[in-house]
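So you can see what is in the structure, the chains are spelled out below.
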Amino acid sequence: NAGVIQTPRHKVTGKGQEATLWCEPISGHSAVFWYRQTIVQGLEFLTYFRNQAPIDDSGMPKERFSAQMPNQSHSTLKIQSTQPQDSAVYLCASSLGSQNTLYFGAGTRLSVL
Amino acid sequence: AQSVTQPDARVTVSEGASLQLRCKYSYSGTPYLFWYVQYQRQGLQLLLKYYSGDPVVQGVNGFEAEFSKSDSSFHLRKASVHWSDSAVYFCAASINTGNYKYVFGAGTRLKVIA
């Protein structure tokens, strides 16, 4: 069991460019979460999938952020027209169910120049 | 509003000393409670969790936590810390009524010195 895999580990983009972050949850886990982590805001919930279906995206900035889970083996978080304030560590987590332990990936550190 | 508060942003202890990291929650009812640890440049890892029953729960690497309903707290303890315990510790809560949203505290950065 390789755990939750996130790629890339570090991504650098220029202002206005697009960034796509990838997450491979643990096999058999039905719930996938995306969080954003910054020094100032701490851990912020972004979005949640259950059995690949989007359940709640209330934490997503509406205009430029989107997330998908096309199959049970991966989820993507896409940020269009990246801005410096998008710089953060983006964490993906999976769990067996909604109240079970969250297993986190190592995160993708996004740096927008 | 549901919230989790970790009042100490930074804690420094000497190696071998005992440790307590504080966590207070504000929820209607009794939430599921968790402690996670984040080592540098890594994701969060579960230390222990409380759902119900014995208020003292044991976790990995000698950590334990005690749930107190009267105090709305879930403090983390360790009898003797090691330098490798230096990390950021997060307390988290989730309501046990099908609500999937975990609420995380701001974290406590622990530094263990020789």
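Residues numbered from 1 in each chain as written. Chains lettered and ligands numbered in written order. Predicted model: local features only at pLDDT ≥ 70, side-chain atom pairs only at ≥ 80, totals over all residues. Heavy atoms only, no water.

Turning next to the sheet that holds strand 3 (residues 19-24) of chain A. All names here are of chain A. As summarised here, the arrangement of the 4 strands in space is 1-3-8-7, forming an open sheet in which the pairing is antiparallel. The sheet is open, and its two edges are formed by strand 1 (5-7) and strand 7 (65-71), each paired on a single side. Within this sheet the neighbouring strands show an average axis-to-axis angle of 20 degrees, counted without direction. As defined by bridge partners, strand 3 adjoins strand 8 (residues 74-79) across 5 bridges and the pair is classed as antiparallel. Across the sheet, residue Ala-19 finds its bridge partner in strand 8, namely Ile-79. (Pairing = 2+ DSSP bridges. Helix = DSSP H or I, 4+ residues; strand = E, 2+ residues; numbered from the N terminus. Axes fitted to C-alpha atoms, helices over the stretch in contact; angles between N-to-C directions.)

What follows is about the interface of chain B and chain A. The interface of chain B with chain A comprises 21 residues on the first partner and 21 residues on the second. At the boundary of chain B with chain A, total buried surface from both sides reaches about 1700 Å², with 53% on carbon and sulfur atoms. At the boundary of chain B and chain A, one finds 0 salt bridges. Inspection of the chain B/chain A interface yields 4 residue pairs in polar contact (both at pLDDT 80 or more). With 4 residues, strand 5 (residues 32-38) of chain B is the single largest residue contributor to the side of chain B that touches chain A. Of the residues assigned to the side of chain B that touches chain A, the class counts are 11 nonpolar, 7 polar and 3 charged. (Contact = heavy atoms within 4.5 Å. Buried area = accessible area lost by both parts, 1.4 Å probe. Salt bridge = Lys/Arg side-chain N within 4 Å of Asp/Glu carboxyl O. Polar contact = N/O pair within 3.5 Å; in protein donor to acceptor, adjacent residues only side chain to side chain. Nonpolar A, V, L, I, M, F, W, Y, C, P; charged D, E, K, R; others polar.)

Residue and element names in this part refer to chain A. Taken as a whole, this structure holds 2 disulfides over all chains when the rule is applied. The disulfide partner of Cys-23 is Cys-92, and the S-S distance across this bridge is 1.9 Å. Its torsion about the S-S bond being -65 degrees, the disulfide of Cys-23 and Cys-92 is classed as left-handed. Of the two residues, Cys-23 sits in strand 3 while Cys-92 sits in strand 9 (residues 88-95), which places them 69 residues apart along the sequence. (Disulfide = S-S within 2.5 Å.)

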